[in-house]
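# Topology and contacts: notes
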Amino acid sequence: MEILPNPNKEADEGAGPASVQLVASKGVEKIISGEFGFKIKSLLDSLKIQMVVYKEPQKTIQSIIDMLGK
């Protein structure tokens, strides 16, 4: 596991696709998020990266990692 700062967080446009390209360059196979935009869904599909929608904002990142490890 690697934690990366998001260099695109201040971008007015294109932050989502640029962030996807960043994590794809790291060999990511799965992304967990509360939601995915339409453009991001098609980009992730083309890169063969699995999308996992997780809508429990009270959960910690560690608890999500633990859940996925089972």
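Let me begin by describing the structure that accompanies this report. (Residues numbered from 1 in each chain as written. Predicted model: local features only at pLDDT ≥ 70, side-chain atom pairs only at ≥ 80, totals over all residues. Heavy atoms only, no water.)

In this section: the nonpolar core. Considering soluble globular proteins, one finds that nonpolar side chains tend to be buried as a cluster. In this structure, V20, I31, F36, I40, L43, L44 and I49 together form the largest nonpolar core, which totals seven residues. Tallying contributions element by element places helix 2 (residues 38-46) first for this core, with three residues. Residues in contact with F36, not counting those within four places in the same chain, are I31, K41, L44, M51, V52 and V53. (Core = buried A, V, L, I, M, F, W, Y, C linked by side-chain atoms within 4.5 Å. Buried < 20%, exposed > 50% of the residue type's maximum accessible area, 1.4 Å probe, protein only. Helix = DSSP H or I, 4+ residues; strand = E, 2+ residues; numbered from the N terminus. Contact = heavy atoms within 4.5 Å.)

Note that E56 resides in the loop between strand 2 (50-53) and helix 3 (61-68). Distance from E56 to E29, taken between C-alpha atoms, is 21 Å for residues 27 residues apart in sequence.

Our focus in this paragraph is the pairing of strand 1 (residues 30-33). The pairing of strand 1 with strand 2 spans four bridges and is parallel. Bridge pairing in strand 2 links I32 to V52. In terms of handedness, the path from strand 1 via helix 2 over to strand 2 forms a crossover that is right-handed. (Pairing = 2+ DSSP bridges. Right-handed = clockwise from strand over helix to strand, strands pointing away.)

This part covers a nonpolar patch on the surface. Taken together, the side chains of M1, I3, I61 and I65 define a hydrophobic patch exposed on the protein surface, amounting to about 530 Å² of accessible area. Residue M1 is classed as exposed on the basis of its relative accessible area of 84%. (Patch = residues over 30% accessible without salt bridge, like charges linked within 9 Å, V, L, I, M, F, W, Y side chains within 5 Å. Areas by Shrake-Rupley, 256 points an atom, 1.4 Å probe, with all protein chains shown as cover. Salt bridge = Lys/Arg side-chain N within 4 Å of Asp/Glu carboxyl O.)

Let's shift gears to the side chain of S19. Looking at the element boundaries, S19 is found in helix 1 (residues 15-25). In this structure the side chain of S19 is engaged in a polar contact, spanning 3.2 Å, whose partner is the side chain of N6. Among residues more than four places away in sequence, those in contact with S19 are N6 and N8. (Polar contact = N/O pair within 3.5 Å; in protein donor to acceptor, adjacent residues only side chain to side chain.)

Before going further, it helps to examine the environment of P7. Its place among the elements puts P7 in the segment before helix 1. Sequence spacing of P7 and A18 is eleven residues, and the spatial spacing of their C-alpha atoms is 9.0 Å.

On to unusual backbone geometry. Negative phi characterises most residues that are not glycine, and trans characterises most peptide bonds. With a phi close to 60 degrees, K48 is a non-glycine residue in the positive phi region. Here K48 is to be found in the loop between helix 2 and strand 2.

Further remarks concern helix 2. Buried within helix 2 are the following residues: I40, L43 and L44. Along the axis of helix 2, the buried residues cluster in a sector spanning 95 degrees; they form a single face. Relative to its buried face, helix 2 has exposed residues pointing more than 90 degrees away, namely F38 and S46. Looking one or two residues beyond helix 2, the residue adopting positive phi is K48, at roughly 60 degrees. (Arc of directions from axis to C-beta.)

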